[in-house]
There are 2 protein chains.
Amino acid sequence: MKIEKSINIKKTPVLMEGAKDIEIRVLISKADGANNFAMRMFEVQPGGHTPLHAHPHEHEVFIVEGIGTFHCEGKDYHFEPEHVIFVPGNSMHNFQNTGDSLLRFLCLVPASAA
Amino acid sequence: MKIEKSINIKKTPVLMEGAKDIEIRVLISKADGANNFAMRMFEVQPGGHTPLHAHPHEHEVFIVEGIGTFHCEGKDYHFEPEHVIFVPGNSMHNFQNTGDSLLRFLCLVPASAA
């Protein structure tokens, strides 16, 4: 069992090529006994973005704070808090903070991809 | 691909024995192509609670709004927005809204349990 405020969970920079001004908190993972899927929180500064990339695993996303653009397979979609986004595997996608404040979103992946 | 505000996703009562004043929105599931795990939003009225029960699958929970008590294996834990909770499989647990406003939380489960 684990119960913790997200703010108290370690935050580390995302150094992947194509990522700009992002940090990640791994909220729930195999280290907690979660063998099927992992919950991560991404924090993106204004003007920052995740890498534009594709991979076999899916994403399940929930926007907690901030606004931005979700790019997927050549199209752009505006998002704001409480938007739910499912990104199928092998979709070319990224998330951009187009606002002037912090963007935070949950992004869950299969444990094999965490 | 799916992008939708949570408020626009259908809400249905949870009629399971032991549940009180709860509704569920299935945000992402197999119907959306999510074959590994499902994201659901639970909405619990003041005084309401989920069933006190145990099952083989785990929960990954994120508190969106409201306060309450998480009961797990005989102990009680207070929670508020931004609390992250991992409930291992086979733990006797429930979630109670102890506040005077709506409690909303995300609860993710393996697709086999959705």
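Just so it is clear, the structure is predicted and the values come from calculations on it, not from any experiment. (Residues numbered from 1 in each chain as written. Chains lettered and ligands numbered in written order. Predicted model: local features only at pLDDT ≥ 70, side-chain atom pairs only at ≥ 80, totals over all residues.)

J.: Could you clarify how one ought to interpret the interface of chain A and chain B in this entry?
T.: A common way to report how large an interface is uses the accessible area buried once the components associate. At the junction of the two partners, chain A supplies 33 residues and chain B supplies 33 residues. Sorting the residues of the side of chain A that touches chain B by element identifies β1 (2–5), β3 (20–28), β4 (37–49), β5 (59–65), β6 (68–72), β7 (75–79), β8 (83–87) and β10 (103–110) of chain A as the ones contributing at least two each. With 5 residues, β8(A) is the single largest residue contributor to the side of chain A that touches chain B. Among the residues making up the side of chain A that touches chain B, the classes are represented as 21 nonpolar, 5 polar and 7 charged. In this sheet, strand β1 (residues 2–5) of chain B lies alongside β8(A) in antiparallel orientation, the contact comprising 4 bridges. Residue pairing across strands places A:I85 opposite B:I3, the latter belonging to β1(B). (Contact = placed C-beta atoms within 7 Å. Helix = DSSP H or I, 4+ residues; strand = E, 2+ residues; numbered from the N terminus. Nonpolar A, V, L, I, M, F, W, Y, C, P; charged D, E, K, R; others polar. Pairing = 2+ DSSP bridges.)

J.: Explanation requested: unusual backbone geometry in the structure shown.
T.: A negative phi holds for most residues other than glycine; trans holds for most peptide bonds. Positive phi outside glycine occurs at A:N90, with the angle close to 65°. Checked against the element boundaries, A:N90 lands in the loop between β8 and β9 (93–97). If you check the backbone angles, B:E73 has positive phi at about 50° while not being a glycine. Position of B:E73 relative to the elements: it lies in the loop between β6 (68–72) and β7 (75–79). With 12 C-beta atoms packed within 10 Å, B:E73 lands in the exposed category. (Buried ≥ 20, exposed ≤ 12 C-beta atoms within 10 Å, placed from the backbone.)

J.: What should I look at first to understand the relation of the copies chain A and chain B in this one?
T.: Both copies of the chain are placed relative to one another by a rotation about an axis and a shift along it. The transformation that overlays chain A on chain B combines an axial shift of 0.0 Å with a rotation of 180°, and the residual RMSD is 0.0 Å. In the structure described here, the two chain copies are related by an operation that fits a two-fold rotation axis. No C-alpha of chain A approaches the rotation axis more nearly than that of A:F37, which lies at 3.7 Å. Comparing interface residues between copies, 100% of those in chain A also lie at the interface in chain B; the contact surface is shared. (Least-squares fit on C-alpha atoms with pLDDT ≥ 70 in both.)

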